[in-house]
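Observations on the three-dimensional arrangement
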Amino acid sequence: MAPLDLQKIEAWIKGHARVRERVREVLLFDQVDSTNQLALQMGSAGLPGGVLIIAETQNKGRGRFNREWISPRGVNLYLSLLLRPYQHTYDFPLFSLATATGLAQAIRSATGLAASVKWPNDILLGDKKVAGILLEAGKTSGEAPYLVVGIGVNVNWDFCDIPKELQATSLMATLGQPVDRTGLINDILIALAAQYQLLDRDKKEELIHNLSEVCVTLGKPVRIKTPNQTFEGIAETILEDGSLLLRLGDGTKRKVLLGDVTHL
Ligand code: BT5
């Protein structure tokens with residue numbers, strides 16, 4: 001598989017004003033512990049937002065709640081974008097949903113595959129996970145909080161190499177042919193910039209509308225495990241703060257901001 005092409009990525013960013021506003025520097029590494037960890041370190045060291053970190057492999061790639069993100073070399077995408085949003089921290093979860101929407105749209109336009117979002121942070125092809133998003137934030141004294149948007153996409157991971165217990169897939173495994181990883185980064189950045197712009201312009205309704213169009217969780221019976229409780233119900237709608245509104249068995253409604261969803 002061809003390695004990622006930094007010059008091409010930089011040239012595309014330069015030629016695309018909306019992306020250029022968001023990404024001012026790209027760092028491509030052969031190997032890191034975790035692109036999110038590195039971006040968080042840069043944030044805590046006071047670096048301005050707009051740094052995109054990309055790696056060919058991660059030794060300690062991570063998911064939410066410190067779970068492992070398996071990161072084989074040279075076949076997938078591992079990206080983290082350091083941002084310093086002006087939005088209040090209570091709006092930060094919306095960046096995760098905006099990222100999920102943009103990522104699903106980018107995969108659709110690059111491959112024609114019907115990628116969908118499982119609220120809040122999984123991208124699925126059918127019922128298999130093809131990509132995940134990890135949002136982490138931090139604050140150093142006297143500075144605006146920073147936000148790191150981490151994205152892992154299984155692109156050209158051979159189906160035989162994907163551990164069965166993950167119930168995961170890759171773009172190549174589904175499409176039957178490899179996908180240009182460098183080109184996909186370009187599509188992802190363009191799609192993300194469009195969704196983040198909606199947030200900057202406070203067009204939350206439009207953002208939630210875009211998400212609802214690609215979100216397979218809505219209307220489905222689901223089980224949601226939050227850090228303290230488990231709920232079962234019908235996923236009714238996504239609210240403007242990014243939370244999921246559930247209708248429970250007894251007819252009451254419950255708002256959930258964070259959790260692991262199983263489609264029942
Ligand atoms: C996520 O967590 O889905 C967020 C994944 C974010 C990864 C990116 S890669 C670049 C950046 N740097 C990092 O260190 N992380 C971010 P979560 O919803 O908690 O899902 C984690 C679970 O997905 C694991 O417990 C496994 O079951 C499964 N999993 C692990 N590796 C996978 C892979 N490559 N593809 C699909 N599923 C995977």
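Residues numbered from 1 in each chain as written. Predicted model: local features only at pLDDT ≥ 70, side-chain atom pairs only at ≥ 80, totals over all residues. Heavy atoms only, no water.

1. Details of the sheet that holds strand β2 (residues 51-58)
- One open sheet accounts for seven strands, arranged β1-β2-β3-β7-β6-β5-β4; its pairing is mixed. Of all the strands in the sheet, the pair left with one neighbour each is β1 (25-32) and β4 (116-118). For this sheet, the mean angle separating the axes of adjacent strands, direction not counted, is 20°.
- In this sheet, β2 lies alongside β1 in parallel orientation, the contact comprising seven bridges. Among the inter-strand pairings, Leu27 is bridged to a residue of β2, identified as Ile53. (Pairing = 2+ DSSP bridges. Helix = DSSP H or I, 4+ residues; strand = E, 2+ residues; numbered from the N terminus. Axes fitted to C-alpha atoms, helices over the stretch in contact; angles between N-to-C directions.)

2. Some points on a negative patch on the surface
- Where like charges cluster on the molecular surface, the negative patch consists of Asp202, Glu205, Glu206 and Glu240.
- Secondary-structure assignment places Glu206 in helix α7 (residues 204-214).
- Relative accessible area serves as the criterion here: at 39%, Glu206 is assigned to the partly exposed category. (Patch = residues over 30% accessible without salt bridge, like charges linked within 9 Å, V, L, I, M, F, W, Y side chains within 5 Å. Areas by Shrake-Rupley, 256 points an atom, 1.4 Å probe, with all protein chains shown as cover. Salt bridge = Lys/Arg side-chain N within 4 Å of Asp/Glu carboxyl O. Lys, Arg positive; Asp, Glu negative; His and termini not counted. Charge placed at Lys NZ, Arg CZ, Asp CG, Glu CD. Buried < 20%, exposed > 50% of the residue type's maximum accessible area, 1.4 Å probe, protein only.)

3. Overview of the site of the ligand
- Around the ligand, 28 residues are found, and the nearest of them are Ser34, Arg62, Arg67, Lys129 and Asn154.
- In the model, a nitrogen atom of the ligand is placed 2.9 Å from a nitrogen or oxygen of the Ile70 main chain.
- If the ligand stood free it would expose 800 Å²; the protein chains cover 91% of that surface.
- Every element with two or more residues in the shell around the ligand is listed here: α3 (35-44), β3 (77-83), β6 (128-138) and β7 (146-153).
- With four residues, β6 is the largest single contributor of residues to the shell around the ligand. (Near = heavy atom within 4 Å. Polar contact = N/O pair within 3.5 Å; in protein donor to acceptor, adjacent residues only side chain to side chain.)

4. Some thoughts on the pairing of β3
- By the criterion of burial, β3 is predominantly enclosed, with seven of the seven residues buried.
- By the alternation rule, side chains of β3 split into Leu77, Leu79, Leu81 and Leu83 and Tyr78, Ser80 and Leu82, which are all buried.
- Pairing of β2 with β3, which is carried by five bridges, proceeds in the antiparallel orientation. Bridging from a neighbouring strand, Ile53 pairs with Ser80 of β3.
- With seven bridges connecting them, β3 and β7 associate as antiparallel partners. Bridge pairing in β7 places Leu83 opposite Leu147.

5. So, a nonpolar patch on the surface
- Together, Phe65, Leu257 and Leu258 line one region of the surface with nonpolar side chains, adding up to about 290 Å² of accessible area.
- One can find Leu258 in the loop between β11 (253-256) and β12 (260-263).
- Given a relative accessible area of 41%, Leu258 falls into the partly exposed group.

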